[in-house]
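What follows is the residue order along each chain.
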Amino acid sequence: MKIIEIPASEAGRLLPLLQDLHALHAEHQPERHVPAPGSDDLAAWLQDWLQQDNVCALAAESPQGALLGYLIYELQDRPALPVRAAEKRAMLHHISVTEAWRRMGVGKALVEAMRTRALAEGATVVAATYAPFNSASAALMQGMGMEPVLTVAEWRA
């Protein structure tokens, strides 16, 4: 397995994994997520997102070229505020691993590669969001030394 960067022009390679990830979220939180977005819409959105200078997609690729998992992160420059020091944050937005490769270190390898790259680019914080039902993501983040610091609650009409 090697970790590669997926350019915006190859965003379509991520679709099967993104669709699996999205289906999990739609199942657990149907009020927040469109049940089955079209592949064309997803591919266009993903390509637009990955074209941003501060957004990066990394993938774990098998020797045969199959994607075993991916993550998307964003480097965020956060200016100092009277209540918080300035920071450069690497925000992990998505992570998904093919079911057959879960619990085999793919997610850990992706997060470690993200952290290494982000630190080399000056990040001082690595952060992630994950849904409360997603115990696999919670365990991965904790295993990587990340602990929850905020809880977000919402009401929807």
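In this numbering scheme, every chain counts its residues from 1 along its sequence in written order. In keeping with the model being predicted, local features are shown solely for residues with a pLDDT of at least 70 and side-chain atom pairs are shown and tallied solely at 80 or more, while totals for entire chains, interfaces and linings include all residues. To get the side-chain values, take all heavy atoms of the structure and skip hydrogens and water.

Trainee: An account of the overall build of the chain is needed here, citing residue identities and associated values.
Mentor: The helix and strand labels rest on DSSP assignments: H or I over at least four residues marks a helix, E over at least two residues marks a strand, and numbering proceeds from the N terminus. Along its length, the chain carries 4 helices and 5 strands. The linear arrangement of helices and strands in the chain, starting from the amino end, is β-α-α-β-β-β-α-β-α. The globule rule used here is 2.2 Å times the number of residues to the 0.38 power, and the radius of gyration it is set against is calculated over C-alpha atoms. For 157 residues, the compact-globule formula gives about 15 Å, and the C-alpha radius of gyration of the chain, at 16 Å, lands near that figure. In terms of overall dimensions, the chain has a C-alpha envelope of 45 × 45 × 30 Å along the principal axes. Counting contacts in the chain only where the partners sit at least 6 residues apart, residues at least 24 apart contribute 62% of the total. Here the chain has roughly 9,500 Å² of accessible surface; of this, 54% comes from carbon and sulfur atoms. Here Asp and Glu are counted as negative and Lys and Arg as positive; His is not counted, and neither are the chain ends. Positions of charges follow a simple convention, taking NZ of Lys, CZ of Arg, CG of Asp or CD of Glu. Separation between the mean location of the 13 positive side-chain charges and that of the 18 negative ones in the chain comes to 7 Å. We call two residues in contact whenever any of their non-hydrogen atoms come within 4.5 Å of each other. In this description, accessible areas are obtained by the Shrake-Rupley approach with a 1.4 Å probe, and a residue is regarded as covered only by the protein chains that are shown.

Trainee: Residues and numbers for the pattern of salt bridges, please.
Mentor: Between Lys or Arg on one side and Asp or Glu on the other, a salt bridge is scored when a side-chain nitrogen of the former is within 4 Å of a carboxyl oxygen of the latter. By the definition in use, this model includes 7 salt bridges. Ionic pairing is found between Arg 117 and Glu 5, a salt bridge with its closest N-O pair at 2.7 Å. Pair noted here: Arg 117 is in helix 3 (residues 106–120) and Glu 5 is in strand 1 (residues 2–5), with a separation of 112 residues, a long-range link. When accessible area is computed with a 1.4 Å probe and restricted to protein chains, residues below 20% of their type maximum are described as buried, those above 50% as exposed, and intermediate ones as partly exposed. By relative accessible area, Arg 117 is classed as partly exposed at 28%. Classification of Glu 5 by relative accessible area gives partly exposed; the value is 44%. For the salt bridge of Glu 87 with Arg 89, the shortest nitrogen-to-oxygen distance reads 2.8 Å.

Trainee: With reference to specific residues and values, describe the environment of Pro 63.
Mentor: When you line up the elements, Pro 63 lands in the loop between strand 2 (55–61) and strand 3 (67–78). Separated by 84 residues in the primary sequence, Pro 63 and Glu 147 have C-alpha atoms spaced 33 Å apart.

Trainee: Give a description of the side chain of Glu 74 that names residues and reports values.
Mentor: Mapped onto the secondary structure, Glu 74 falls in strand 3. The buried charged residue Glu 74 lacks any salt bridge, with Arg 89 as its nearest oppositely charged partner at 9.2 Å. Here a polar contact is taken to be a pair of N or O atoms separated by no more than 3.5 Å, where protein atoms must pair a possible hydrogen donor with a possible acceptor and residues adjacent in sequence count only if both atoms sit in side chains. Reaching out from Glu 74, the side chain makes a polar contact with the side chain of Gln 76 at a distance of 3.3 Å. Non-local contacts of Glu 74, meaning those with residues more than four positions away in its chain, are made with Asn 54, Val 55, Arg 89, Ala 90, Met 91 and His 93.

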